[in-house]
Amino acid sequence: MKYVSTRGKAAAKTFTQTVIEGLARDGGLLVPERIPVLSEKLEKLKTLSYKDLALEIFLPFVDGEVSKDTLAHIIELSYSSFSAPEVTPLRFADSVVVLELFHGPTLAFKDVALQFLGNLFENILKNEQISINIVGATSGDTGSAAIHGVRGKENIKIFMLHPQGKVSPIQERQMTTVLDENVFNIAVEGTFDDTQRIVKEVFNDLAFKDKYNLGAVNSINWARVMAQIVYYFYAAFRFKERYRDLPVVFSVPTGNFGDIYAGYIAKRMGLPIEKLILATNENDILFRVLNSGLYKIGVVQPTLSPSMDIQISSNFERFLFEIVEREGEMVCRKMDDLASKGGFSLSLDQLAIAQKDFTAIRVDTSQMLDTIKKYRKSGITLDPHTAIGVAASEKTKYSKVICLATAHPAKFGDAIVRATGETPDIPESLAGIEEKKTKCLSSKQDYREIKRIIEAELAQQG
Ligand SMILES: *Cc1c(COP(=O)(O)O)cnc(C)c1O
């Protein structure tokens, strides 16, 4: 299987190149040249455990570049770190169906992809006898999941920047209590946007990037999308065992369009999904584009669901590529408009194609808080991101919707207190985290200082 760029100007890549390089050379995102269809295999796939299902779903994408045995081993390693035997259990309550994606080491759904990506990286790097240095910026969830994905791994070092004092205390601790030698947390003065800009500036120094073989783990990496396809299949099968006659509908709290795009790919692979409900908070660029056809960047508004506080959804470009029937030229034109005019628009035909698969719904903070409060009364604690997906599902005509629970409520205790007046129970993995030893460097808001830190640490470790 080859991977092609959404902008149509870069050479096709193999699976391993796609995983290591992340972004295409023409600035586009890499997607499989065709989407494998598993319709004929659904009966067999239904009977598989999560891990065996993951193997069957990955095989056509990996296409022999990693052997079947090795891939099975990587999957086993990655998902044994989850505290739930089913990895992503589907919970049926009277009032709501919740797909629990937060049983990984950092209690957010990003572990599903990043535990796998860390092990896959390690395997590929060993075979190619190369090493990489991952550099990234985080506002919380991605950074801790990435650090836990690569900690202790050979041939990988990770430098994760976060805005000093601006990530939640639990998220900060989840990062800085990791003491492995290959992990470097850097607290940077300024906001998350400043931190992200600095990372871009470091990557823009191509000589530096090549010299130190810098890599990224952001959500544009195809392997992350691939890993997330599995739980759509797994959940749809469990749902159908109980509700044979109901359509399968998912509600997904969305930021960067990575998670829900995996659901779209699952549908294209032959999984009968009737609709994907795209739920946004006040940062509603995706709600606007899917209802009006206009994709226009706004100003990021900080909310109680911070992992969805995004105004440019990078993975949307992959779906755009499908909407315009894989015409790279057209994607380029729209992306040029985005860069020069701050937006682009879809034609009516293109909008109709997009609306076939997605219904987008915006949920504001007060609706989100009401939803947490309402479900708390029946003994279910939703985290603020999950509550947005649940609230969105209630605004549709569907009686049973699979709502993706993207984080454990204990990660976002402030919102739970605001909604209910109670603090959520702390799961075992977070117990004692306040007392643990931490390791963290700090830096001024200056990419030259970040480069000096990276150079110094790498020189020291050799
Ligand atoms: C990252 C994240 C999201 C948004 O997922 P995308 O793939 O960016 O759409 C939602 N909820 C939580 C808890 C997250 O960490």
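Since the structure is predicted, the reported quantities are computational estimates derived from the model, not experimental observations. (Residues numbered from 1 in each chain as written. Predicted model: local features only at pLDDT ≥ 70, side-chain atom pairs only at ≥ 80, totals over all residues. Heavy atoms only, no water.)

## Quick look at the site of the ligand
To be explicit about the condition: For each residue, the test is whether any non-hydrogen atom lies within 4 Å of the molecule or strand; if one does, the residue is near. For this analysis, a polar contact is any N or O atom pair within 3.5 Å, provided that within protein one partner can donate a hydrogen and the other can accept it, and provided that sequence-adjacent residues contribute only side-chain to side-chain pairs. Values of accessible area rely on a 1.4 Å probe in the Shrake-Rupley scheme; residue burial ignores everything except the protein chains shown. Any residue that is not Ala, Val, Leu, Ile, Met, Phe, Trp, Tyr, Cys, Pro, Asp, Glu, Lys or Arg is counted as polar, Gly included; the first ten are nonpolar and the last four charged.
In the vicinity of the ligand there are 15 residues, among which Lys110, Asp141, Gly255, Asn256 and Thr406 approach most closely. Here lysine 110 contributes a side-chain N or O atom positioned 2.5 Å from an oxygen atom of the ligand. Surface burial for the ligand is 97%, taken as the share of its 380 Å² of free accessible area covered by protein chains. Per-class residue counts for the shell around the ligand are five nonpolar, seven polar and three charged.

## Focus on the packing of helix α3 (residues 50-62) against helix α4 (residues 68-79)
Note the threshold: A fitted line through C-alpha atoms serves as each axis, taken over the contacting stretch for helices, and the angle formed by two N-to-C directions is quoted from 0 to 180°. Secondary structure follows DSSP: runs of H or I at least 4 residues long count as helices, runs of E at least 2 residues long count as strands, and numbering of each begins at the N terminus. Put simply, angles under 35 degrees are roughly parallel, angles over 145 are roughly antiparallel, angles from 65 to 115 are roughly perpendicular, and the rest are oblique. Left-handed describes a crossing whose near helix is turned anticlockwise from the far helix through less than a right angle; right-handed describes the clockwise counterpart. The criterion used for residue contact is that any of the two residues' heavy atoms lie within 4.5 Å.
The interhelical angle for the contact between α3 and α4, taken along N-to-C directions, is 135 degrees, at an axis separation of 10 Å. On the basis of their axis angle, the class for α3 and α4 is oblique. When you trace α3 past α4, the crossing you get is right-handed. Within the contact between the two elements, α3 uses Tyr50, Lys51, Ala54, Leu55, Glu56, Phe58, Leu59 and Val62 and α4 uses Lys68, Leu71, Ala72, Ile75, Glu76 and Tyr79. Of the residues assigned to the contact of α3 with α4, the class counts are ten nonpolar, no polar and four charged.

## Details of helix α5 (residues 110-128)
The condition that has to hold: Each helix should span, by expectation, one fewer than its residue count multiplied by 1.5 Å. Only protein chains enter the area calculation, which uses a 1.4 Å probe; residues under 20% of their type maximum are buried, those over 50% are exposed, and those in between are partly exposed.
Under the 1.5 Å per step criterion, the end-to-end length of α5 is 26 Å for 19 residues, consistent within 8% with the ideal 27 Å. Summarising burial for α5: 15 of the 19 residues are buried, a large majority. Residue glutamine 129 follows α5 closely and has a positive phi angle near 50 degrees.

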